[in-house]
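Notes for the structure review
Below, each chain spelled out in residue letters.
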Amino acid sequence: MKLLENNLMPTILVVDDEPDIREVIRFALESAGFRVVEAGHADDARKLLATENPDLILLDWMLPGRSGLELAQQIKQNARTRAVPIIMVSARGEEADRVRGLDTGADDYIAKPFSPREMVARVNAVLRRARPEDVSDEIEIGGLHIDNVSHRVSANGDAVEIAPTEYRLLHFFMTHADRAFSRSQLLDQVWGDQVYVEERTVDVHVRRLRKALEGSGHDALLQTVRGVGYRFSERT
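So, here is what we can say about the structure in this document.

The rules behind each value
- Residues numbered from 1 in each chain as written.
- Predicted model: local features only at pLDDT ≥ 70, side-chain atom pairs only at ≥ 80, totals over all residues.
- Heavy atoms only, no water.
- Helix = DSSP H or I, 4+ residues; strand = E, 2+ residues; numbered from the N terminus.
- Buried < 20%, exposed > 50% of the residue type's maximum accessible area, 1.4 Å probe, protein only.
- Contact = heavy atoms within 4.5 Å.
- Pairing = 2+ DSSP bridges.
- Salt bridge = Lys/Arg side-chain N within 4 Å of Asp/Glu carboxyl O.
- Arc of directions from axis to C-beta.
- Patch = residues over 30% accessible without salt bridge, like charges linked within 9 Å, V, L, I, M, F, W, Y side chains within 5 Å.
- Areas by Shrake-Rupley, 256 points an atom, 1.4 Å probe, with all protein chains shown as cover.
- Lys, Arg positive; Asp, Glu negative; His and termini not counted.
- Charge placed at Lys NZ, Arg CZ, Asp CG, Glu CD.
- Axes fitted to C-alpha atoms, helices over the stretch in contact; angles between N-to-C directions.
- Polar contact = N/O pair within 3.5 Å; in protein donor to acceptor, adjacent residues only side chain to side chain.

Moving on, we get to the overall build of the protein chain. Within the protein chain, the regular secondary structure consists of eight helices and twelve strands. Within the protein chain, the fraction of its 236 residues that count as buried is 49%. Contacts in the protein chain between residues at least 24 apart in sequence constitute 58% of all its contacts with a sequence separation of at least 6.

Turning our eyes to something else, we now look at the sheet that holds strand S6 (residues 138-141). The four strands are arranged S6-S7-S8-S9 in an open sheet whose pairing can be described as antiparallel. In the strand order of this sheet, the two ends are held by S6 and strand S9 (158-159), each with one partner. In terms of strand pairing, S6 meets strand S7 (residues 144-147) through four bridges, oriented antiparallel. The residue of S7 that forms the bridge with Glu140 is His145.

What follows is about the pattern of salt bridges. Following the criterion strictly, the structure yields 13 salt bridges and no others. For Arg22, the salt bridge goes to Glu38, with nearest N and O atoms at 2.9 Å. Taken as a pair, Arg22 in helix H1 (residues 19-31) and Glu38 in strand S2 (residues 35-39) lie far apart in primary sequence, 16 residues in all. Classification of Glu38 by relative accessible area gives partly exposed; the value is 26%. A salt bridge links Arg122 to Asp108; the shortest N-O distance between them is 3.2 Å. With Arg122 in helix H5 (residues 116-130) and Asp108 in strand S5 (residues 108-111), the pair connects residues that are 14 residues apart, well separated along the chain. Pair check on accessibility: Arg122 and Asp108 agree, each one buried. Linked by salt bridges that have partners in common, Arg22, Arg26, Glu30 and Glu38 make up one network.

All of the buried residues in helix H3 (residues 68-77) are Gly68, Leu69, Leu71, Ala72, Ile75 and Lys76. One side of H3 holds all its buried residues, which, seen down the axis, span an arc of 160 degrees.

Now for a negative patch on the surface. On the surface, Asp17, Glu18, Asp20 and Glu23 cluster together into a patch of negative charge. Along the chain, Asp20 turns up in helix H1. Of the residues examined, Asp20 reaches a relative accessible area of 61% and is grouped as exposed.

Here the focus is the sheet that holds S2. Taken in spatial order, the five strands of this open sheet run S2-S1-S3-S4-S5, and their pairing is parallel. Edge strands, defined here as strands with exactly one partner in the open sheet, are S2 and S5. The average undirected angle you get between the axes of adjacent strands in this sheet is 20 degrees. In this fold H1 packs onto strand S1 (11-15), S2 and strand S3 (56-60), with an angle of close to 165 degrees to the strand it touches most, S2. Of the strands in this sheet, S1, S3, strand S4 (86-90) and S5 touch H5, which is tilted by about 175 degrees from S5.

Turning our eyes to something else, we now look at the side chain of Asp16. Mapped onto the fold, Asp16 is located in the loop between S1 and H1. In terms of polar contacts, Asp16 uses its side chain to reach the side chain of Lys112, at 3.2 Å. Beyond its immediate stretch of four places on either side in the chain, Asp16 contacts Ile21, Arg22, Ala39, Gly40, Asp60, Leu63 and Lys112.

Before going further, it helps to examine unusual backbone geometry. In this structure, Pro113 follows Lys112 across a cis peptide bond, with omega equal to -5 degrees. Relative to the helices and strands, Pro113 is located in the loop between S5 and H5. Positive phi values are uncommon outside glycine, yet His151 reaches one of about 55 degrees. By the element assignment, His151 lies in the loop between S7 and strand S8 (152-155). Judged by relative accessible area, His151 falls into the partly exposed class, the value being 27%. Here Asp178, not a glycine, exhibits a phi torsion of approximately 70 degrees, which is positive. Among the secondary structure elements, Asp178 is positioned in the loop between helix H6 (164-175) and strand S10 (180-182).

Shown next as structure tokens:
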């Protein structure tokens, strides 16, 4: 958790066009020890991101003008902000909508209405996942190298851009190579048992990890094990 203006309060950017909802979210987050900045429109959020460095963004899907999905895509395409975790918030609670939100690059999805207590728990969980682990090791498998000190990934000597959740997933796979894991096991090991996410979330992040490794051909190391889940291995 980075220092902010001589204090230890992580900053959360709340983007929602409803002032009453922002007020509830602000109160809950500030009571939990967070610093909150607010935006009621996607364009306002973009202006804030030019000067603020939030630790996490709570982003409403249905915004006037540019939607939350569009804003999330822009945030993930910007080198300066792509690593900032995003929790998508929406009244659209269908599975297809949750998957679509995660596919844009969101790290979690909360369906309205939600309890402030659950929202704070989700924020804390995503921030825990985004923090570097205090593990000093380097692993290399088939030319794919992960350095857990600098949190860098390279393939055949070339740097690989990878989001925080996909990094944790890759690190777990590479430290447990040749073993098959179910989706529920991966949720426990990578996301933690305090996170309210569905098993389908694993598929979304595995797909994103494969895409990140596609350029070097290392996506083939991440294998689907029919009827079980996933395995990371050089062997077919």
